[in-house]
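Coordinate inspection notes
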Amino acid sequence: MAIEIRRAKPEDKELLVKWRLEVIEDIFGKYFTGLPKEEYDEIVNNTVKYYETQISSGNHYACFAYDGETPVACGGFVYYQELPSPDNLSGKCAYIMNIYTSFDYRQQRIGSKIVEYLIDEAKALGAEKIYLETSVKGEDMYRRLGFCSMNGYMML
């Protein structure tokens, strides 16, 4: 099996939305699938709008891993500027997200290949700070790739 990673284009919007919904369902399970129809539709509509604006603007970079012409995994990052600081002199950041592999293709390091690809792309854009949130399932993979915990983050 030769896995090829390809950057998503604006015309891949439907595929991006489909995979994003699969990621959300995997993370949130019955909570997501049990949402009232209006809330589910709002998530879908806002996801479509997000990809329509953010992919073409360059603020969101997405990719798929393909087995032949079949997408088997996905990932992306949000690229943005924050205030420069001692740990990020340029202020350029990449927030990696949506790393997801189809069930039949797991345990083959495809997720790692996607993350490595995204890291290379983010660095090529000048990102000095690359970070992510992880599930328990993904933590070992990210540690193997060199990520470490960021203490002190909170959420409201």
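This section reports on the structure supplied with the text.

Rules behind the numbers
- Residues numbered from 1 in each chain as written.
- Predicted model: local features only at pLDDT ≥ 70, side-chain atom pairs only at ≥ 80, totals over all residues.
- Heavy atoms only, no water.
- Phe/Tyr/Trp six-rings, centres within 6.5 Å; stacked < 30°, edge-to-face > 60°.
- Helix = DSSP H or I, 4+ residues; strand = E, 2+ residues; numbered from the N terminus.
- Buried < 20%, exposed > 50% of the residue type's maximum accessible area, 1.4 Å probe, protein only.
- Expected span 1.5 Å × (residues − 1).
- Contact = heavy atoms within 4.5 Å.
- Core = buried A, V, L, I, M, F, W, Y, C linked by side-chain atoms within 4.5 Å.
- Axes fitted to C-alpha atoms, helices over the stretch in contact; angles between N-to-C directions.
- Parallel < 35°, antiparallel > 145°, perpendicular 65-115°, else oblique.
- Left-handed = near helix turned anticlockwise from the far one by under 90°.
- Nonpolar A, V, L, I, M, F, W, Y, C, P; charged D, E, K, R; others polar.

A few words on the packing of aromatic side chains. Scanning all chains against the criterion turns up 10 aromatic pairs. Taking the centre distance of 6.0 Å and the plane angle of 75° together, the rings of Trp19 and Tyr100 count as edge-to-face. Remark: Tyr100 occurs in strand S4 (residues 92–101) and Trp19 occurs in helix H1 (residues 13–28); sequence separation between them is 81 residues. For the pair shown, Trp19 and Tyr100 are each scored as buried.

Another point: unusual backbone geometry. Despite not being glycine, Asn98 shows a phi value in the positive range, around 60°. Tracing the backbone shows Asn98 in strand S4.

Compared with an ideal rise of 1.5 Å per residue, which puts 15 residues at 21 Å, helix H4 (residues 110–124) spans 21 Å between its outermost C-alpha atoms and is within 8% of the ideal. Taken residue by residue, H4 has Ile110, Gly111, Ser112, Ile114, Val115, Leu118, Ile119 and Ala122 as its buried positions. Structurally, H4 contributes buried residues whose contacts are with strand S1 (3–7), strand S2 (60–67), strand S3 (70–81), S4, strand S5 (129–132) and helix H5 (136–144). Once H4 ends, the next one or two residues include Gly126, with phi positive near 100°.

Right, let's get into the nonpolar core. Residues Phe77, Ile96, Ile99, Val115, Leu118, Ile130 and Phe147 are the most contacted members of the largest nonpolar core, which totals 23 residues. Of the residues forming this core, the biggest block, 6 residues, is contributed by H4. Excluding anything up to four places from it in sequence, Val115 contacts Ile96, Ile99, Met141, Tyr142, Leu145 and Phe147. Formed by 17 residues, the second largest nonpolar core is a distinct cluster that contains Leu16, Trp19, Val23 and Phe32.

What follows concerns the packing of H1 against helix H3 (residues 37–57). The contact between H1 and H3 brings their axes to 10 Å, and the two run at 130°. Taken as axis vectors, H1 and H3 run oblique relative to one another. Crossing angle aside, the handedness with which H1 passes H3 is right-handed. Contacts between H1 and H3 involve Lys13, Leu16, Val17, Arg20, Leu21 and Ile24 on the former and, on the latter, Tyr40, Ile43, Val44, Thr47, Val48, Tyr51, Glu52 and Ile55. Its residues placed into classes, the contact of H1 with H3 shows 10 nonpolar, 1 polar and 3 charged.

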